[in-house]
Structure formats: structure tokens, C-alpha cells
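This is what each chain is made of:
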Amino acid sequence: MDDQIVIETVENYIRGEMNAEEQLLFENLRKSNPEVDQLVVEHTLFLQQINNYGERRNFNTTLHQVHSDLTGKGEINTDLPKGKAKVIYLWNRYKRVAAIAASIAGVTTLGVSLLVNTLIPNTATDKLQELGREINRVKTDQIEQKKEVNNIKNKIDDNTKIPFRTAGTGFIIDGKGYLVTNAHIVRNARNIFVINSMNEQFRATLVYTDLNKDIAVLKITDEDFKPMTSLPYGIRKSSTDVAEPIYTMGFPRNEIVYSEGYLSAKTGFNGDTLSCQLGIAANPGNSGGPVFNHNGEVIGILSTKETEAEGVAFAIQSKYIYNVVEELKKDTANQKIKLPTKSSVAGLNKQQQFKKIEDFIFMVKVN
Amino acid sequence: MKQETNEKTLLEGLARNDRMAAETIYRDNYNMVQSLVINNNGSTDDARDIFQEAMIVLYEKAKSGSFELNCQLKTYLYSVCRRLWLKRLQQMNRFINNGDNLSETVSVDDDLEEHGQKDADFEMMEKSFGMIGEPCKGLLDAYYLQRKNMQEIADTFGYTNAANAKTQKYKCLMRLKKIFFSQYKKQ
């Protein structure tokens, strides 16, 4: 059978244009021949699609006609609102654009004026200079006034200087401003000041004190104090051997003083296990100072000296600093304290060690 | 009650391709949709497109015969237009808020999904018709859409007799079918 005739027959069948006999015949063919069946299904779908297409197209045309008809009759109003309403309409439509444009314009204007200000040379120099002089005069006036005020202040200071009761030595154990000194130095203190080897004075507060161990921890609270970075010395956890050479630094007077000696015994006065005995020339004011071994490790805190014998001093063993700091850390404010364990000056000679360390030793003044 | 029957009659008219029905629905609802679109950053042209698309949705539903309007015709059209317009705005990235006065509308998601499918079919057929070119396009249009008989077609298109026109039509039909189904299967 010719393909063309097949399609025509199928179309006739789909449209129901066959008579009963033909229809029966075709249905039998459809049942026996799956190819024909397939064709019928396919063609039915296709004709349906064409029909839908046609109807939809016609309806579109109808809609367009209706639209223009109704607009022509004025029954629907497709004109944009006139007059004031139009302005509102346009405003509503473009306000976002307008806002963006306005902000861009604003930014540009600012940018341009800034550029102009920076690029164009000052034209009115005469006036500006005059003005400059004015300002200078005001400035000098102010400086003079300040000087005056300072003079007055100094005079007051001189007159009312609070005499410091005791003085000792302390040393930094944490760069954030924590110092260790002797508890007996800061006992009953109202004000504590610490002064470094450059003669800079800072205010400090007592954060921990243990009179039994004779250890106190101070914190520098002064705004001028700049946190220190790495500490040159470490603090030794274990005890040291007898006869090891040691040295200390402290402020028996208003200048840092170095003195040398040796560890004479592992226990302190009358067998006190907290401390150890040193053979060193110590003076009042050395109290609270660090005792270093030759590697620059802190092995103790110089605390007392025997009154009946010359050259005998006692130091609190450095491992108790760790105990104290553990106690301190229980307070959340001090949780971040970290003790230096490693000495970076080991192997250097004493002069070099001294130079590196002296900045970390402070005089502690109390009133 | 009267209004309900009235709307039912209108839908029946729409399904019968009754122009008066389409015109009545158009007249009663267009202005509402236009203000919806214009108040939401649209133009009158946008409003016309949206409303006519909604009319097509309604038309398809009416033709399917199984359509039961369970709210006012106005509400239905408003809901459809609203969804269509929101979709359009989202495509233009100009609308994010989706939650306002939803209670005033009815859910038309399913209807629009169906419409989307039909729309795709329509476009596919339109594209296929565009691709076969003249005179095939005119020939098939005349036979299948305007339902003219073969003799008329032979006269209009200048074929010597109806049989010739028939052969030509058959060839065109095969081409159209081939193009259409190649796209249809891709879908």
C-alpha cells in the first residue's frame, strides 16, 4: 500500500469519516498489524497537536481583536494615567532607578570635590599664611600655658611628694606586665610603683600574695606600659646543684646593681625547705630580685639575709613561682599567664646576659 | 447564584470559541489586572501580555471540559495573573518578597504547570510550522486548520487538480511531522 494512501485512510479513520464496514475492516487491520496501530496512535497525537495549535492561534487572534475593540470603545482604559497621576505613575516606576542615580551622583560629586581639593594648588596663599600665623600664635600660647601648668604641677609634686616606705626588686614573669617580688615588700601597701632601669615609672597593683612563701605577684596597670615580648630568661622548675655559680640583679639603690655568688645549700635558714642558701653580697633592696644560674635561668627569688653573718642570703626556690601562678590562674582574669621555661641567654657571657635581662628587672616602690 | 450560572455560561461560550464570551470576560477583568501589573513595576504592554496569557489558561481549562470553577472567575484570573507576573518579575530579578496578601488568591500552581506544558507544545508546533516554509505552511494551514477541501486548496494555490494538491499536502505533512516529532522527543 502506498504510504500516502495509508495516511489518508488513517486520517479518515481518526476523523470518523468511514462507513461502518470500512471502519470494521480498518480496526481489524489495526489489531493484526502493530505498525498500523502505531501509526494511528502517532497520527492521532499529531493531529491533536495541530488542532490545539490552531485553536490557540485563533484564540490569540480573538484576544488581540477584543483588546483593540474594547480599547477603541473605551471600555478598558489602556492609556497611561494623565496629568498628575502620570507623574505618580512614572515616579513609582522609576523611583528605584532615580534613587540609584542620585546616590551615584552623590558619590561622584564627593569624589570630584575631593580630587579638586587635593589637586588644585592653594591659590589664596597670602590669606592662608596669615591664617597659619594665627594658628601658630595660638599654638605657642597654648604651649606656654602648658609649661606654666606643668611648673605649677611640679611645684605641687615637690611639696607633697609621698615618701616611699620600702623599696625592693621585682622581675617580669609574663610580658603582659606580671611581676614577681617578695610578699614582705608589698605588705600593707597603699600604692605600688615599679621603676625600670631606664627610670620609667609605672603604677602596679597586687594581684596575689602569699606571706608564708613570701611571694607576691604584681600587675602593671599603667596605660603607658607596653607589653613586652619574649623574656630572655626562663624559670627553673627543678632545684639546682650546690656550688653552682649564681648572680642577681636588684635595686639596693636607685640604680640597678649586679652581684655574683654561689649556691651554698639546698635549704634555707634553719633547714627551711622553701628556700635555699646563697653566698652572695646582698643588701636591703635586693629583696624580690631574681637569682640566676650561669645559663640565665631563674632559680630563686632573693628574699632575706642573715643578720649575724655577712654574705649569707636566702632565696625562695623558683619552683614555688609555678605553684603561685597555678593559684593565680584560678581567677579568670589571669588565666592567660604563661611562665617562660626556656632561657635564651644561655651560653652568653655575663655582660651580655646582664644587658639582655636588665630591662626586665624593676624597682618596686611602696607607700 | 445567578452570577455562578452566568460565569458557567461564559466558560461554556469560551470553550465554543464564542467571541462574545471572551469579550465579556475581557471587559470585566482587564482593568483589575492592569492595575495589579502597573502598581507592581509593570507597563500596560506587560499587563496585556499577562492578561492574555491568563485568558489562554482559562480557555484551555474551559476546553478540557473537566474544569470546575470553585471560586469567582475574577479571583481565578487575578490569582493566575498574579502568579504569572511574579514569575516574570523574578526572571527580571526585581521581586523578592513572596508572602504578601496570599490569602486573597486561590492556588493555581497545578493549572499553571499544565499551561506551561501546553505552551511548550504550542511553541514547538509554531516553530515547526515556521521551519517548513511556504507553500507547505499555507497548504497545511488551509487543510488542517481552516479545513478547506482539496479542490478549494488546489484553486487557491494554483495546482492543476485536487489530486496534485493532495500529493503536495502529503509531502508537506511528512516534513512537518518529522520536524515536530524530532523536537517532541527531545523534550
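Right above here is the structure, for reference.
Residues numbered from 1 in each chain as written. Chains lettered and ligands numbered in written order. Predicted model: local features only at pLDDT ≥ 70, side-chain atom pairs only at ≥ 80, totals over all residues.

The subject of this paragraph is the overall build of chain B. Secondary structure assignment for chain B yields eight helices and zero strands. In chain B, the succession of α and β elements from N to C terminus is α-α-α-α-α-α-α-α. The proportion of buried residues among the 187 residues of chain B is 26%. Once local pairs closer than 6 in sequence are excluded, the contacts in chain B between residues at least 24 apart make up 61%. (Helix = DSSP H or I, 4+ residues; strand = E, 2+ residues; numbered from the N terminus. Buried ≥ 20, exposed ≤ 12 C-beta atoms within 10 Å, placed from the backbone. Contact = placed C-beta atoms within 7 Å.)

Residues and elements named next belong to chain A. With six bridges connecting them, strand β7 (residues 245-250) and strand β8 (residues 257-265) associate as antiparallel partners. Its bridge partner lying in β8, Ile246 is registered against Gly261. In this antiparallel pair of consecutive strands, β7 and β8, the connection spans six residues. Relative to strand β9 (residues 275-280), β8 is paired through four bridges, and the arrangement is antiparallel. The partner of Ala265 across the bridge, within β9, is Gln277. (Pairing = 2+ DSSP bridges.)

This paragraph deals with the interface of chain A and chain B. Facing the 23 residues of chain A at the interface are 26 residues of chain B. Elements with a minimum of two residues in the side of chain A that touches chain B: α1 (3-15), α3 (34-73) and α4 (83-119) of chain A. Counting residues per element, the side of chain A that touches chain B draws most heavily on α3 of chain A, which supplies 14 residues. Taken together, the residues of the side of chain A that touches chain B sort by class into eleven nonpolar, nine polar and three charged. (Nonpolar A, V, L, I, M, F, W, Y, C, P; charged D, E, K, R; others polar.)

Right, let's get into unusual backbone geometry. Residue and element names in this part refer to chain A. Not every positive phi belongs to a glycine, and Asn188 is a case in point at roughly 55°. Mapped onto the elements of the fold, Asn188 is located in the loop between α6 (183-186) and β3 (192-195). Given 8 C-beta atoms within a 10 Å radius, Asn188 is considered exposed. Positive phi outside glycine occurs at Asn199, with the angle close to 70°. Along the chain, Asn199 falls in the loop between β3 and β4 (201-210).

So, about helix α3 (residues 44-64) of chain B. Residues and elements named next belong to chain B. Look at α3: 30 Å from first C-alpha to last across 21 residues, which is about the 30 Å you get at 1.5 Å a residue. Where α3 is concerned, the buried positions are Ala47, Arg48, Ile50, Phe51, Glu53, Ala54, Met55, Val57, Leu58, Tyr59, Glu60 and Lys61. Directly beyond the C-terminal end of α3, a positive phi value near 85° is found at Gly65. (Expected span 1.5 Å × (residues − 1).)

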